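Each chain, letter by letter, is given below.
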Amino acid sequence: MISRTISHLLAFIKLRGNFFTNSFLLPLQNHLSSSRLGLEFSSHTTFLASLHSNSNSSSHPRSKFQKVTNLDDALNMFDEMIQRRPLPSVVQFNQLLNAVTKMKHFSCCLHLFKQMCVTGVPVDEYSMSIAIKCCCQLYRTNDGFALLCCCFWRAVVPDVFIFSTLLDGLVLEDRILEAERLFKKLIKHRLCEPNVVMYNTMIKGLCKFGNNVMAIGLLRLMDERGCKADVVTYNTIMDSLCKDKMIDDAFKLFKEMVFEKGILPNVITYTSLICGLCNLGRWEEVSKMLKEMEDVRISPNLQTFTVLVDAFCKEGKVDDAEAVIDIMVERGEVPNIVTYNTLIDGYCLRGEMSKARTVFDSLTSRGLVPNVITYSSLLNGYCKNLNIEEAMLMFHEITKNGLKPDIVTFSTMLQGLFRVGRCGAARRLFDEMRAQGQHCFCRSALKSCPRFLQWINPKLAAGWCIMPISMWIDNYSK
DNA sequence: GTCGGTAGGT
């Protein structure tokens, strides 16, 4: 039965190949006029289509600095700007800093910021928020707070952007209790009025720690406070629900978002829901969702297909997963390292380590470079097969190739060690991990091994609860 | 005139 549904799904994707490939190239209005609305979903899709026609897709004006994509160019521009007299406006500097941040050169950006301060270029709340963001992205949120203090003596009034950035930094570092405290303090002392991004950041943090109920509570609080939730708010919660296999609750929110709030779903919404359905083996509904995407003219992207590759692999249908990749290639889409990582993962899951190795070895000829996830997948495969020696070799292979094991690599290795009863070695590896500055825990790491929670924050592990939403509201009105 | 957020691996 399952295999029949899967081949049906495969055939469906094959049939829709052209649509999926070309849809982005056509103007939206043409889509709508030529849209073939399916019978089963007709009212649903008509409604969604009407939302589409109301959505405006105006593009924002771009600064000349957004075109800068090379770090050297940016640095040269900075040197030139800082010598110019009179000095260019702070806005120009901010745009340049922002461009450097977009390139993810956070340390470099901080260096430029420091130079601005030393040279006497006036900095404002924009420059401050960029500098704080850089600290946070480098897992140096405390330095971000230090910069917040600088705001005060530079007479810069911290705004909702600055506080959102700091909140995001705390969430990134798993400091959820501090994040919650900061959020409530901001509200209570009226330091700033949270906007949708700040709520979304807090919701993301709650979801990261599996607190969906609280996340939904915050969604309701937003409503009460007159802050309009957006597609990101819903996507974050729906994704979390899907990950917790609470797909029906996710669909309830989906309906609420579309029908009650009139918010248009995007490709991320559908990818999350499809992923949730796949994980529960609800293949018929996966087909339906793909069809609905077609009807509302949202084209699946690489990530959507990777979810399907993943799903087929997990069903043991690795050949079908390979077929999906072939379809992607035929459509002119270029599977990336993520796609192949998923496939390698699939073979590892079945214990077919030699096949996994074959795919791994083929990466270079495809012009792809294995990343830390590639190695982690193989490592996981060896751990699952209790081949801890080979797993250890893979672990060392990562550093040899100039990559850094991340939290998932460590967690995988740790779980492998636990499984073969080498708990002492696991604890030593955990300490090594912390010593290496590995402090960010992703949600599945926390879920996969309760002992981590104990090791990171005994308060949380002991059931030290986050305050109920009702009390947040009380605080608000005080 | 600028800045922030959502989907992949244990």
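What you see is a predicted model; the values in this text were computed from it and never measured.

Reading guide: rules and limits
- Residues numbered from 1 in each chain as written.
- Chains lettered and ligands numbered in written order.
- Predicted model: local features only at pLDDT ≥ 70, side-chain atom pairs only at ≥ 80, totals over all residues.
- Heavy atoms only, no water.
- Helix = DSSP H or I, 4+ residues; strand = E, 2+ residues; numbered from the N terminus.
- Contact = heavy atoms within 4.5 Å.
- Areas by Shrake-Rupley, 256 points an atom, 1.4 Å probe, with all protein chains shown as cover.
- Phe/Tyr/Trp six-rings, centres within 6.5 Å; stacked < 30°, edge-to-face > 60°.
- Buried < 20%, exposed > 50% of the residue type's maximum accessible area, 1.4 Å probe, protein only.
- Expected span 1.5 Å × (residues − 1).
- Polar contact = N/O pair within 3.5 Å; in protein donor to acceptor, adjacent residues only side chain to side chain.
- pLDDT = per-residue confidence, 0-100.
- Core = buried A, V, L, I, M, F, W, Y, C linked by side-chain atoms within 4.5 Å.
- Axes fitted to C-alpha atoms, helices over the stretch in contact; angles between N-to-C directions.
- Parallel < 35°, antiparallel > 145°, perpendicular 65-115°, else oblique.
- Left-handed = near helix turned anticlockwise from the far one by under 90°.
- Nonpolar A, V, L, I, M, F, W, Y, C, P; charged D, E, K, R; others polar.
- Salt bridge = Lys/Arg side-chain N within 4 Å of Asp/Glu carboxyl O.

Engineer: So, the overall build of chain A: which residues are in play, and what are the values?
Structural biologist: Regarding its fold elements, chain A presents 29 helices and zero strands. Contacts in chain A between residues at least 24 apart in sequence constitute 66% of all its contacts with a sequence separation of at least 6. Accessible surface, chain A: about 23,300 Å² in total, of which carbon and sulfur atoms supply 56%.

Engineer: Explain the packing of aromatic side chains to me, and be specific about the residues and the numbers.
Structural biologist: In the structure shown here, the tally under the stated rule is seven aromatic pairs. Geometrically, the ring pair formed by Phe395 and Phe410 is edge-to-face, given 5.5 Å between the ring centres and 70 degrees between the ring planes. Residue Phe395 is located in helix α23 (residues 388-400), and its partner Phe410 is located in helix α24 (residues 407-419); the two are separated by 15 residues in the primary sequence. For the pair Phe395 and Phe410, one class covers both residues: buried. In textbook terms, an aromatic cluster arises when at least three aromatic residues are bridged by ring pairs, as seen for Phe251, Phe254 and Tyr270.

Engineer: Account for helix α14 (residues 231-243), naming residues and giving values.
Structural biologist: In this model, α14 (13 residues) spans 18 Å end to end at C-alpha, consistent with the 18 Å of a helix rising 1.5 Å per residue. Turning to α14, its buried residues number three or more, namely Val231, Thr233, Tyr234, Asn235, Thr236, Ile237, Met238, Ser240, Leu241 and Cys242. The N-cap of α14, judged by a side-chain oxygen 3.1 Å from the amide nitrogen of Val232 a few residues on, is Asp230.

Engineer: Please give an account of the confidence of the model for chain A that cites residues and values.
Structural biologist: For chain A, the average pLDDT comes to 82, and 79% of its residues sit at 70 or higher. Low pLDDT, under 50, characterises residues 473-478; the stretch is placed with 12 contacts to residues that sit more than four places away or in other chains.

Engineer: Help me get a handle on the environment of Asn380, residues and values and all.
Structural biologist: Tracing the sequence through the fold places Asn380 in helix α22 (residues 372-384). Distance from Asn380 to Gln415, taken between C-alpha atoms, is 9.2 Å for residues 35 residues apart in sequence. Those residues in contact with Asn380, other than ones at most four positions away along the chain, are Asp345 and Thr412.

Engineer: I'd like a rundown of the environment of Leu414, residues and numbers included.
Structural biologist: Note that Leu414 resides in helix α24. Of the residues examined, Leu414 reaches a relative accessible area of 0% and is grouped as buried. Separated by 14 residues in sequence, Leu414 and Arg428 have C-alpha atoms that sit 9.6 Å apart.

Engineer: Describe the side chain of Asn200, and please don't skip the residues or the numbers.
Structural biologist: Assignment of secondary structure puts Asn200 in helix α12 (residues 196-208). Its relative accessible area of 7% is what places Asn200 among the buried residues.

Engineer: Residue-level account of unusual backbone geometry, with values.
Structural biologist: Of the consecutive residues Arg85 and Pro86, the connecting peptide bond is found in the cis state with omega at -5 degrees. Topologically, Pro86 is positioned in the loop between α5 (71-83) and α6 (90-102). Non-glycine residue Lys104 carries a positive phi angle of around 65 degrees. Mapped onto the fold, Lys104 is located in the loop between α6 and α7 (106-119). With a phi angle near 60 degrees, Arg297 is a residue other than glycine that sits in the positive phi range. By the secondary structure assignment, Arg297 is in the loop between α17 (283-295) and α18 (302-314).

Engineer: Tell me about helix α10 (residues 160-172), and please be specific about residues and values.
Structural biologist: Relative to the 18 Å expected for 13 residues at 1.5 Å per residue, α10 spans 18 Å between its end C-alpha atoms, a close match to the ideal helical length. Among the 13 residues in α10, 11 count as buried, and that is most of the element. Next to the buried residues of α10 lie α8 (125-137), α9 (141-153), α11 (176-188) and α12. Positive backbone phi, at 65 degrees, marks Asp174, one or two positions downstream of α10.

Engineer: Report on the nonpolar core, specifying residues and quantitative values.
Structural biologist: Among the nonpolar cores identified, the biggest contains 137 residues, and Ile274, Leu343 and Leu378 are the most heavily contacted of them. Here this core takes eight residues from α18, the largest share from any one element. Setting aside its immediate chain neighbours within four residues, Leu343 contacts Val309, Cys313, Val318, Ala321, Glu322, Ile325 and Val359.

Engineer: Just give me the short version of the packing of helix α16 (residues 267-279) against α17, but keep the residues and values in it.
Structural biologist: Taken N-terminus to C-terminus, the directions of α16 and α17 make an angle of 165 degrees; their axes are 8 Å apart at the nearest point. Relative to α17, α16 is oriented roughly antiparallel. Here α16 runs over α17; the crossing is left-handed. Across the interface between the two elements, Val267, Tyr270, Leu273, Ile274, Leu277 and Cys278 of α16 pack against Trp283, Glu285, Val286, Met289, Leu290, Glu292 and Met293 of α17. Of the residues in the contact of α16 with α17, the class split is 11 nonpolar, no polar and two charged.

Engineer: Describe the environment of Glu180, with residues and values.
Structural biologist: For Glu180, the position within the fold is in helix α11. When its relative accessible area of 5% is taken as the criterion, Glu180 is described as buried. In the structure, Glu180 is positioned 13 residues away from Leu167 in sequence and 8.5 Å away in space, judged by C-alpha atoms.

Engineer: So, the pattern of salt bridges: which residues are in play, and what are the values?
Structural biologist: In this structure the tally under the stated criterion is 20 salt bridges. Between Lys243 and Asp239 there is a salt bridge, and its shortest N-O distance comes to 2.4 Å. One end of the pair, Lys243, and the other, Asp239, are both in helix α14, four residues apart, so they sit about a helical turn from each other. The exposure class assigned to Lys243 is partly exposed, which follows from its relative accessible area of 48%.

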